[in-house]
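# Working through the structure, step by step
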Number of protein chains: 2
Amino acid sequence: MSAFIAVDWGTTNRRAWRIEDGDPVDVMRDATGVLAVAGRFADAAEQVRARLGDLPMLMAGMVGSNRGWVDAGYVPCPATLAALAARLTPAGDDAWIVPGVCSVSGTRGDVMRGEEVQLLGAVAGGLAPANAMMCQPGTHCKWARIEGGVLARFATAMTGELFALLRDHALIGAAMQGDVADGGAFRDGVARSGEGDLTAALFGVRAASVLALRDDADAAAYVSGLLIGADCRAQVRAGDTVHLLADPALGALYTAAIETVGAVAVPVDSHAAFLAGIIRIRELQP
Amino acid sequence: MSAFIAVDWGTTNRRAWRIEDGDPVDVMRDATGVLAVAGRFADAAEQVRARLGDLPMLMAGMVGSNRGWVDAGYVPCPATLAALAARLTPAGDDAWIVPGVCSVSGTRGDVMRGEEVQLLGAVAGGLAPANAMMCQPGTHCKWARIEGGVLARFATAMTGELFALLRDHALIGAAMQGDVADGGAFRDGVARSGEGDLTAALFGVRAASVLALRDDADAAAYVSGLLIGADCRAQVRAGDTVHLLADPALGALYTAAIETVGAVAVPVDSHAAFLAGIIRIRELQP
């Protein structure tokens, strides 16, 4: 295949690779996310070409949202890399944006944008089996089911956003200024999440602070355990294997919570998964 | 009993009554809550006496917190009106503050301040039976068990605070600017809360907005249904009777959610409950 540029263009960051003969040979990363571009997407894309070469460009992520360059829409579940390739949206010269994926059932729906390339790419690249449960933790944590290599369905939990809301704006936020890492306080939170009363468990942080039952330095890790624990308990059953696309810090927390419910977490390299997916989409591009 | 002044002094409002021969004969209400007083509690108390008479004063609520006039501490569960009366904290001339109530079990705890007078007062005043499950919805919703007339245990859910956090600061908040009332959207939220994945259900509001599956005007009522539904499902079982101390608007929402889980809600007049409780404490005062 001829050389091209692949861009994973998110809300706050972007990462771009020059792909030659199906392999990444150069990479750049900067903080020119969708919010920082402020509408000047053509200029922002030329910066990438100035760095990586004047080549065709394939983009995925929030660059295709209604706050991005061009709204690239959504492909419905069940979704494949071929369906994504068939619905590429032109943006600028010799450049295209990969659509997101949606699932709709009556008045219930869910959306993803950017994760679909990683999820289906993990299977295309042999990093995960064709029948797999996958998890991408973050601000909006994605839980996806791949069946026969197809993205069959998924659910999004606002786990990371809720943690930030609580820390920055809630009454319990004053106590949540400590670090978050796997340890006793995080594990206590995961255990407590099993009682199914999240909003009451969260107020317990206030009570524990007022009554001096827990060191405030542990409160953030405890709340993280409550939220990630609730997230995993809602999605994972004992005996499941979860393929986890996460950075090391968040990956360690989710691995601990997944193991607590009796399941197994298998790490997957999310950048490798993205590359495998976007290269396959380029191959399939009409 | 001799005349006295009873004050329900909260964070943002206060309500005071002159009690003569065990009956309220005059009342005042203003927005001079603990936050508005800004430390000048003796002056703020004299305003009440200037209006209702130069009488002994019994206060309850956040006036007894560490941000109030004097920290009145907590009486542990199981708690009675006699235990509260025995632990009144002097504040200024001929004035006392009722302590709060705490429950502690290992590193887990809970606290209330102000609600205890209503809860135990409801029983003392014959507004609720001596064995009752009670609920006081609000920013921090209290669920209490009264056993043999004693406040045996309770749990606090940050239901109202979480709703306000989401509306004011979350990504889904932009869609949550409509009114909240009992209706189809609220009931949909209560039904959806039964799936036990609150953080995923919350993200569904974003997806429904992006995919135009639900009118944004209904989003606030739907989220209220999710949160109140989750709150009720965690605390109430089919067949329970819940004595509900709430204003009419919140009372209607909790009644609908409580009925959805197959339980019965019985409204209790919270001001009458407060008066019954504080009058009994005055009678028991050493």
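Before reading further, recall that the structure is shown in the block above.
Residues numbered from 1 in each chain as written. Chains lettered and ligands numbered in written order. Predicted model: local features only at pLDDT ≥ 70, side-chain atom pairs only at ≥ 80, totals over all residues.

For the rest of this paragraph, the subject is the overall build of chain A. For chain A, the helix and strand inventory stands at 10 helices and 14 strands. Computed over its C-alpha atoms, the radius of gyration of chain A comes to 20 Å, within 12% of the 19 Å expected for a compact globule of 286 residues. Along the first, second and third principal axes, the C-alpha set of chain A runs to 65 × 40 × 40 Å. Per-residue burial for chain A yields a buried fraction of 54% across its 286 residues. Sequence-distant contacts, at least 24 apart, represent 64% of the contacts inside chain A between residues at least 6 apart. (Helix = DSSP H or I, 4+ residues; strand = E, 2+ residues; numbered from the N terminus. Rg over C-alpha atoms; globule rule 2.2 N^0.38 Å. Buried ≥ 20, exposed ≤ 12 C-beta atoms within 10 Å, placed from the backbone. Contact = placed C-beta atoms within 7 Å.)

For the rest of this paragraph, the subject is the sheet that holds strand β9 (residues 108–112) of chain B. Residue and element names in this part refer to chain B. Spatially, the 3 strands line up as an open sheet ordered β5-β8-β9, and their pairing is mixed. Single-partner strands in this sheet number two, and they are β5 (74–76) and β9. Taken over all neighbouring pairs, the strand axes of this sheet differ in orientation by 30° on average, direction set aside. By the bridge criterion, 3 bridges tie β5 to strand β8 (residues 100–105) in an arrangement that is parallel. (Pairing = 2+ DSSP bridges. Axes fitted to C-alpha atoms, helices over the stretch in contact; angles between N-to-C directions.)

Quick look at the pairing of strand β14 (residues 264–267) of chain A now. Residue and element names in this part refer to chain A. As defined by bridge partners, strand β13 (residues 241–244) adjoins β14 across 4 bridges and the pair is classed as parallel. Looking at the pairing, V242 lines up with A265 of β14. Read as a crossover between parallel neighbours, the route from β13 over helix α9 (residues 248–260) to β14 is right-handed. (Right-handed = clockwise from strand over helix to strand, strands pointing away.)

This part is about the environment of A50 of chain A. Residue and element names in this part refer to chain A. Relative to the helices and strands, A50 resides in helix α2 (residues 41–52). Residue A50 is classed as exposed on the basis of its C-beta count, with 9 C-beta atoms lying within 10 Å. Separated by 203 residues in sequence, A50 and L253 have C-alpha atoms that sit 39 Å apart.

So, about the interface of chain A and chain B. Tallying the contact residues gives 37 residues for chain A and 37 residues for chain B. Sorting the residues of the side of chain A that touches chain B by element identifies β8 (100–105), β9 (108–112), β12 (150–157), α5 (159–169), α7 (198–210) and α8 (219–235) of chain A as the ones contributing at least two each. Examining the composition of the side of chain A that touches chain B, we find that 9 residues originate from one element, α7 of chain A, more than from any other. Partitioning the side of chain A that touches chain B into residue classes produces 22 nonpolar, 9 polar and 6 charged. (Nonpolar A, V, L, I, M, F, W, Y, C, P; charged D, E, K, R; others polar.)

Residues and elements named next belong to chain A. Read from one edge of the open sheet, 5 strands run β12-β11-β10-β13-β14, paired in mixed fashion. Among the strands making up the open sheet, the edge pair consists of β12 and β14. Direction aside, neighbouring strands of the sheet carry axes that sit 25° apart on average. Against the sheet, α9 engages β10 (132–136), β13 and β14, with an angle of about 155° to β14.

The end-to-end C-alpha separation of helix α10 (residues 270–284) of chain A is 21 Å, in line with the 21 Å expected for 15 residues at 1.5 Å each. Residues of α10 of chain A that are buried include every one of S270, A273, F274, L275, A276, G277, I278, I279, R280 and I281 of chain A, and no others. (Expected span 1.5 Å × (residues − 1).)

This paragraph deals with the nonpolar core. With 218 residues, the main nonpolar core has V223 of chain A together with V223 of chain B as its most contacted residues. Among residues more than four places away in sequence, those in contact with V223 of chain A are F163, L166, M176, G189, L202 and V205 of chain A. (Core = buried A, V, L, I, M, F, W, Y, C linked by C-beta atoms within 7 Å.)

In the segment running from C77 of chain A into P78 of chain A, the intervening peptide bond is cis, with an omega of -5°. Relative to the helices and strands, P78 of chain A resides in the loop between β5 (74–76) and α3 (81–86). Located in the positive-phi region is D21 of chain A, a residue other than glycine, with phi close to 50°. In this fold, D21 of chain A is placed in the loop between β2 (14–20) and β3 (23–30). When the 8 C-beta atoms within 10 Å are taken as the criterion, D21 of chain A is described as exposed. Phi is positive for A212 of chain B, which is not a glycine, with a value near 60°. Topologically, A212 of chain B is positioned in the loop between α7 (198–210) and α8 (219–235). Since 9 C-beta atoms lie within 10 Å of it, A212 of chain B is described here as exposed.

Relative to chain B, chain A is turned by 180° and slid 0.1 Å along the rotation axis, the superposed coordinates differing by an RMSD of 0.1 Å. Expressed as an axis order, the relation between the two copies is that of a two-fold axis. Take the interface residues of chain A: 100% of them recur as interface residues in chain B, which is what a same-surface contact looks like. (Least-squares fit on C-alpha atoms with pLDDT ≥ 70 in both.)

This brings us to helix α5 (residues 159–169) of chain B. Of the positions making up α5 of chain B, those classed as buried are T159, E161, L162, F163, L165 and L166 of chain B. For α5 of chain B, the secondary structure elements touched by its buried residues are α5 and α7 of chain A together with β11 (141–147), β12 (150–157), α7 and α8 of chain B.

All names here are of chain B. Look at α7 against α8: their axes get within 11 Å of each other, and the N-to-C directions meet at 170°. Relative to α8, α7 is oriented roughly antiparallel. Of α8, the residues touching α7 (which contributes L198, A201, L202, V205 and S209) are A219, Y222, V223, L226 and A230. Residue composition of the contact of α7 with α8, by class: 9 nonpolar, 1 polar and no charged. (Parallel < 35°, antiparallel > 145°, perpendicular 65-115°, else oblique.)

Once that is clear, we can look at the pairing of β10 of chain A. Looking along a regular strand, one sees the side chains alternate between the two faces of the sheet. Residues and elements named next belong to chain A. Counted residue by residue, β10 has 4 buried out of 5 residues, so it is predominantly covered. From the end of β10 to the start of strand β11 (residues 141–147), which pair antiparallel, there are 4 residues, and G138 there has a positive phi angle of about 155°. As paired elements, β10 and β13 share 3 bridges and run parallel to each other. Residue pairing across strands places M133 opposite V242, the latter belonging to β13.

With that settled, consider the packing of helix α4 (residues 115–124) of chain B against helix α10 (residues 270–284) of chain B. Residues and elements named next belong to chain B. Here α4 crosses α10 at 85°, and the two axes come no closer than 7 Å. For the element pair α4 / α10, the angle class is roughly perpendicular. On the side of α4, the interface is formed by V117, Q118, L120, G121, A122 and A124, while α10 contributes S270, A273, F274, L275, A276, G277, I278 and R280. Looking at the contact of α4 with α10 residue by residue, the classes come out as 9 nonpolar, 4 polar and 1 charged.

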